[in-house]
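Listed below, chain by chain, are the residues.
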There are 2 protein chains.
Amino acid sequence: MKVVEGNIASPLGFSADGLHAGFKKKKLDFGWIVSEVPASVAGVYTTNKVIAAPLLVTKASVQKEGKMQAIVVNSGVANSCTGQKGLEDAKEMQALTATKLGIAPDLVGIASTGVIGDFLPMAVLKKGLSKLVVNGNSHDFAKAILTTDTKEKTIAVTDYFGKDEVTMAGVAKGSGMIHPNMATMLAFITCDANISSETLQLALSKNVETTFNQITIDGDTSTNDMVLVMANGCTKNKEILPETPAFDQFCQMLSFVMTDLAKKIAQDGEGATKLIEVKAEGVANELDARMIAKTIVGSSLVKTAIFGEDPNWGRIIAAVGYAGADISVDQIDISLGDIPVMVASSPVDFDEEDMADVMQADTIRISVNLHSGSSSAKAWGCDLSYDYVKINALYRT
Amino acid sequence: MKVVEGNIASPLGFSADGLHAGFKKKKLDFGWIVSEVPASVAGVYTTNKVIAAPLLVTKASVQKEGKMQAIVVNSGVANSCTGQKGLEDAKEMQALTATKLGIAPDLVGIASTGVIGDFLPMAVLKKGLSKLVVNGNSHDFAKAILTTDTKEKTIAVTDYFGKDEVTMAGVAKGSGMIHPNMATMLAFITCDANISSETLQLALSKNVETTFNQITIDGDTSTNDMVLVMANGCTKNKEILPETPAFDQFCQMLSFVMTDLAKKIAQDGEGATKLIEVKAEGVANELDARMIAKTIVGSSLVKTAIFGEDPNWGRIIAAVGYAGADISVDQIDISLGDIPVMVASSPVDFDEEDMADVMQADTIRISVNLHSGSSSAKAWGCDLSYDYVKINALYRT
């Protein structure tokens, strides 16, 4: 597998576009991804009980049609908590896009991200749609879906399946309201491999728990989160079937793309100055390992300590203790970077200057070993800074 | 029941003292509460798997002896995650106090609060203990237990049980690492009523879920949290027995004191500028109601919006949705203060000036009605400000 320069339109048969329609004041806020042919599709959706209208519409179409040919996305307005009118607006967004492309509405996925509770400005949407083109500026799609993000988040990889080179690309947005249990952000992945929707869903579901579901910015699970994967088969490789070496290879590729996007989201968390990567090892089972890693990376006290470049490991051990896992707490080792700060649950001295080097880095690695099993898991997050407060105190105004 | 001027030593037969021993640089950091006679005792302890040494020692003594005559507390050093030595230090803290008072060690409760992972400076403790007196400056006890708190938290009430006037007083500390599931802070309650330890424990356990367990500052459950209640019987009232009107009256008194202290802790949350009170109504059961209220008040996005005086109710409905309760989301009403912002799950317009008045107040009341049952619950918290980040980024240094 090789990381390549590219964007969401790099896989064969895909194109994309992005532009300013007027959902936001100046920034790009509208875009689409289009496949030449209907593609296999798989999706995961927010676990929030309050589900935004575009997710309801997209999920229903995926279930009904089992194929997708285009995804249209606006940023700035989330079309969430907008009642019956919001649902009708979402359906119209889907229908108008389908009409423009001359395809069935159920082949169009829709997504919205931004402020909750505002209605979609349909005139803006129509104007934007009139300007979107197939084979447009594919690089601008990644910009068009951003909200409080400071960076575009894209990745493209290629790998050979036999003699056939398969390309997979991913794009994501998400900066606040990022937390557990599915897709707490928008991510779209395109691929030119030949794989059925069922097999694609298997691969997506298998990998989402250890990638996107292991990041947290602020513990808030949004109403609009969704990951959609499209695979259009344009490579014409031999179909990838479950329980084959090719499926494992495909899962590795997908996992790499999803982990990369997940880390990019964590790194660009609202107000973030540092990426935090937590590894929990020596845990009795993987579920507990994931829970412990994610609880540490989600602790406000750990996050503020790291913002302050303070090796306050007491907050890490406290988070281990309240993670909810049924654990023994007598043999815990904790390291910051490569420096042990706690061994067998007792504090150990460390060199303050070496520690300062660790804490001043852009990425802070926390390792916890419980010595009570063979499972491990990682989680990613970011520090909690003044700017997180600033961004979220003043978002609406 | 009447609120009266007073402090933790107001009930008959209690005294208290507080002073600077040297656990902290300048502020008061050491104190005790002493009863003339052994008192009935009840306690609740942190649910964190990592339990600080003083809690282990106190809990064991409460279980063994069933009575308590003194509580000694230091702030500045938590004696948590300090291994075998920490446990020995805690036992010595208990034994030294018992010797000084001429009572059995198991009659002494101990508590520590402050930085995790540092050993108790035993010379400082001994020096402090040599200066503590029975019938000391009882008002200073409330100061001596504070850490990042900005205010003392005390309450005293009296009520007649037949002809006998019973006095109950409470004192608490807690500003960060405040979260669910027991006693995420230190609180001590004294009372001169005649009630057995078993009945007292019944009353405490009954009330802790709806009071102290319904506050959250930052979602972090500490390793040192504890509530201890002592009742020494000095009023010589008729013994309060379970399932009697007197027991209900006693529970009301205890609930009032615990709610008052809980709100004072929430109001003085680290960096807080506003108290947030959330009421969840019309919920299928009380557990869900508590969970919903507490999830809203714990949401970083709700907390930052309130710091910014922004009526961003979308974040409130999102929190309702991810609270984990099995709810219907079609008929939800939300009000800020008395102003409806969402009715039957759809946004409603409101007067911006009226709303500005609501948002600028010191206390922000959020009401959510799910219209799907008759249970309700409250929760308390505070906004998330720049100062929360500042306090916690720089705490150790």
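Definitions and cut-offs
Residues numbered from 1 in each chain as written. Chains lettered and ligands numbered in written order. Predicted model: local features only at pLDDT ≥ 70, side-chain atom pairs only at ≥ 80, totals over all residues. Heavy atoms only, no water. Least-squares fit on C-alpha atoms with pLDDT ≥ 70 in both. Contact = heavy atoms within 4.5 Å. Domains from an automatic or database assignment. Buried area = accessible area lost by both parts, 1.4 Å probe. Salt bridge = Lys/Arg side-chain N within 4 Å of Asp/Glu carboxyl O. Polar contact = N/O pair within 3.5 Å; in protein donor to acceptor, adjacent residues only side chain to side chain. Nonpolar A, V, L, I, M, F, W, Y, C, P; charged D, E, K, R; others polar. Phe/Tyr/Trp six-rings, centres within 6.5 Å; stacked < 30°, edge-to-face > 60°. Buried < 20%, exposed > 50% of the residue type's maximum accessible area, 1.4 Å probe, protein only. Lys NZ or Arg CZ within 6 Å of the ring centre and 35° of its normal. Helix = DSSP H or I, 4+ residues; strand = E, 2+ residues; numbered from the N terminus. Expected span 1.5 Å × (residues − 1). Axes fitted to C-alpha atoms, helices over the stretch in contact; angles between N-to-C directions. Parallel < 35°, antiparallel > 145°, perpendicular 65-115°, else oblique. Pairing = 2+ DSSP bridges. UniProt positions renumbered as here; feature names shortened; annotations may be inferred.

1. What about the relation of the copies chain B and chain A?
Here comes step 1: Its rotation angle being 180°, the transformation that places chain B on chain A also includes 0.0 Å of axial translation and leaves an RMSD of 0.0 Å. Within this description, the copies of the chain are treated as partners about a two-fold rotation axis. No C-alpha of chain B lies nearer the rotation axis than that of Tyr386 of chain B, which sits 2.6 Å from it.
Here comes step 2: Residue by residue, 100% of the interface of chain B is reproduced at the interface of chain A, so both copies engage with the same surface.

2. Looking at the domain arrangement of chain A
Residue and element names in this part refer to chain A.
Here comes step 1: Here chain A is partitioned into domain 1 (2-267) and domain 2 (275-393).
Here comes step 2: The centre of domain 1, based on its C-alpha atoms, is set 32 Å off from the matching centre of domain 2.
Here comes step 3: Both faces considered, domain 1 and domain 2 share a buried interface measuring about 1,400 Å² in area, 59% of it formed by carbon and sulfur atoms.
Here comes step 4: Joining domain 1 to domain 2, the criterion identifies 2 salt bridges.
Here comes step 5: With a closest N to O distance of 3.6 Å, Lys263 and Glu277 form a salt bridge.
Here comes step 6: Counting across the interface, domain 1 meets domain 2 through 4 residue pairs in polar contact (both at pLDDT 80 or more).
Here comes step 7: Split by residue class, the side of domain 1 that touches domain 2 holds 4 nonpolar, 10 polar and 3 charged.

3. Details of the packing of aromatic side chains
Here comes step 1: Applying the stated rule across the entire model yields 6 aromatic pairs over all chains.
Here comes step 2: Seen from their ring centres, Phe23 of chain B and Phe30 of chain B are 5.6 Å apart, and the 40° between their planes marks the pair as tilted. Each member of the pair, Phe23 of chain B as well as Phe30 of chain B, is classed as buried.
Here comes step 3: Residue placement shows Lys85 of chain A over the ring face of Phe119 of chain A; its charged tip is 5.3 Å from the ring centre.

4. Notes on helix 7 (residues 286-298) of chain B
Residues and elements named next belong to chain B.
Here comes step 1: Taking 1.5 Å per residue, 13 residues should reach 18 Å; helix 7 reaches 18 Å between its end C-alpha atoms and fits that length.
Here comes step 2: Taken residue by residue, helix 7 has Asp288, Ala289, Arg290, Ile292, Ala293, Lys294, Thr295, Ile296 and Val297 as its buried positions.
Here comes step 3: In the core, the buried residues of helix 7 are packed alongside strand 10 (275-283), helix 8 (300-307), helix 9 (314-322), strand 14 (363-369) and strand 15 (375-382).
Here comes step 4: Here helix 7 starts with a cap whose side-chain oxygen sits 3.2 Å from the backbone nitrogen of Leu287, and that cap is Asn285.

5. Some points on the packing of helix 11 (residues 386-393) of chain A against helix 8 of chain B
Here comes step 1: Contact geometry for helix 11 of chain A and helix 8 of chain B: axes closest at 7 Å, N-to-C directions at 75°. One finds that helix 11 of chain A runs roughly perpendicular with respect to helix 8 of chain B. Facing helix 11 of chain A, whose interface residues are Tyr388, Val389, Asn392 and Ala393 of chain A, helix 8 of chain B presents Ser300, Leu301, Thr304, Ala305 and Phe307 of chain B.

6. Re the pattern of salt bridges
Here comes step 1: Enumeration over the complete set of coordinates arrives at 29 salt bridges over all chains.
Here comes step 2: As a salt-bridge pair, Arg365 of chain A and Glu277 of chain A come within 3.6 Å of each other at their nearest N and O atoms. Remark: Glu277 of chain A occurs in strand 10 (residues 275-283) and Arg365 of chain A occurs in strand 14 (residues 363-369); sequence separation between them is 88 residues.
Here comes step 3: We classify Arg365 of chain A as partly exposed; its relative accessible area is 44%.
Here comes step 4: Salt-bridge contacts for Lys85 of chain B lead to Asp89 of chain B; the nearest nitrogen and oxygen are separated by 3.3 Å.

7. Remarks on the pairing of strand 9 (residues 226-231) of chain A
Along any regular strand the residues' side chains alternate between the sheet's two faces.
Residue and element names in this part refer to chain A.
Here comes step 1: Of all 6 residues making up strand 9, 6 are buried, and the element is well covered by its neighbours.
Here comes step 2: A two-sided burial pattern is seen for strand 9, the buried positions comprising Met226, Leu228 and Met230 on one face and Val227, Val229 and Ala231 on the other.
Here comes step 3: When strand 3 (residues 30-45) meets strand 9, the two strands line up antiparallel, connected through 6 bridges. Across the sheet, the residue bridging to Ser40 is Ala231, located in strand 9.
Here comes step 4: For strand 8 (residues 186-191) and strand 9, the ladder comprises 6 bridges, and the chain directions are parallel. By the bridge assignment for strand 9, Leu186 is matched with Met226.

8. Overview of the interface of chain B and chain A
Here comes step 1: Contacts between chain B and chain A engage 51 residues on the former and 51 residues on the latter.
Here comes step 2: On the surface where chain B and chain A come into contact, there are 1 salt bridge.
Here comes step 3: Here Lys49 of chain A makes a salt bridge to Asp326 of chain B, at a shortest N to O gap of 3.4 Å.
Here comes step 4: Inspection of the region where chain B meets chain A yields 2 residue pairs in polar contact (both at pLDDT 80 or more).
Here comes step 5: Looking at the side of chain B that touches chain A, the elements that each hand over two or more residues are helix 8, helix 9, strand 13 (346-347) and helix 11 (386-393) of chain B.
Here comes step 6: Taken together, the residues that form the side of chain B that touches chain A break down as 23 nonpolar, 18 polar and 10 charged.

9. Comments concerning the pairing of strand 11 (residues 333-336) of chain B
Residues and elements named next belong to chain B.
Here comes step 1: Pairing of strand 11 with strand 14 involves 4 bridges; the strand directions are antiparallel. By the bridge assignment, Asp333 is partnered in strand 14 with Asn369.
Here comes step 2: Pairing of strand 11 with strand 12 (residues 339-343), which is carried by 3 bridges, proceeds in the antiparallel orientation. Residue pairing in the sheet places Leu336 in a bridge with Ile339 of strand 12.
Here comes step 3: The turn joining strand 11 and strand 12, which pair antiparallel and follow one another in sequence, is formed by 2 residues; a positive phi near 60° is taken by Gly337.

10. Regarding the sheet that holds strand 10 of chain A
Residue and element names in this part refer to chain A.
Here comes step 1: Taken together, the 6 strands give an open sheet; going across it, the order is 13-12-11-14-10-15, and neighbouring strands pair in mixed fashion. With one partner strand each, in any of the chains shown, strand 13 (346-347) and strand 15 (375-382) form the two edges of the open sheet.
Here comes step 2: Relative to strand 14, strand 10 runs parallel, the two being bridged by 7 bridges. Pairing of Ala280 across the sheet is with Val368, part of strand 14.

11. Considering the UniProt feature "binding site: substrate" (unreviewed entry) in chain A
Here comes step 1: The sites that UniProt annotates as "binding site: substrate" (unreviewed entry) are Thr147, Lys173, Thr184, Glu270, Asn392 and Thr397 of chain A.
Here comes step 2: By the element assignment, Glu270 of chain A lies in the loop between helix 6 (245-267) and strand 10.
Here comes step 3: When its relative accessible area of 7% is taken as the criterion, Glu270 of chain A is described as buried.
Here comes step 4: Tracing the backbone shows Asn392 of chain A in helix 11.
Here comes step 5: By relative accessible area, which is 2% here, Asn392 of chain A ends up buried.
Here comes step 6: The residues touching Asn392 of chain A, leaving out its near neighbours within four places in the chain, are Glu270 of chain A together with Leu301, Thr304, Ala305 and Arg315 of chain B.

12. Digging into the sheet that holds strand 15 of chain B
Residues and elements named next belong to chain B.
Here comes step 1: The mixed open sheet is built from 6 strands, whose spatial order is 13-12-11-14-10-15. Only two strands of the sheet have a single neighbouring strand rather than two, namely strand 13 and strand 15.
Here comes step 2: Its contacts with the sheet place helix 7 against strand 10, strand 14 and strand 15, and it is angled at close to 25° to strand 15.

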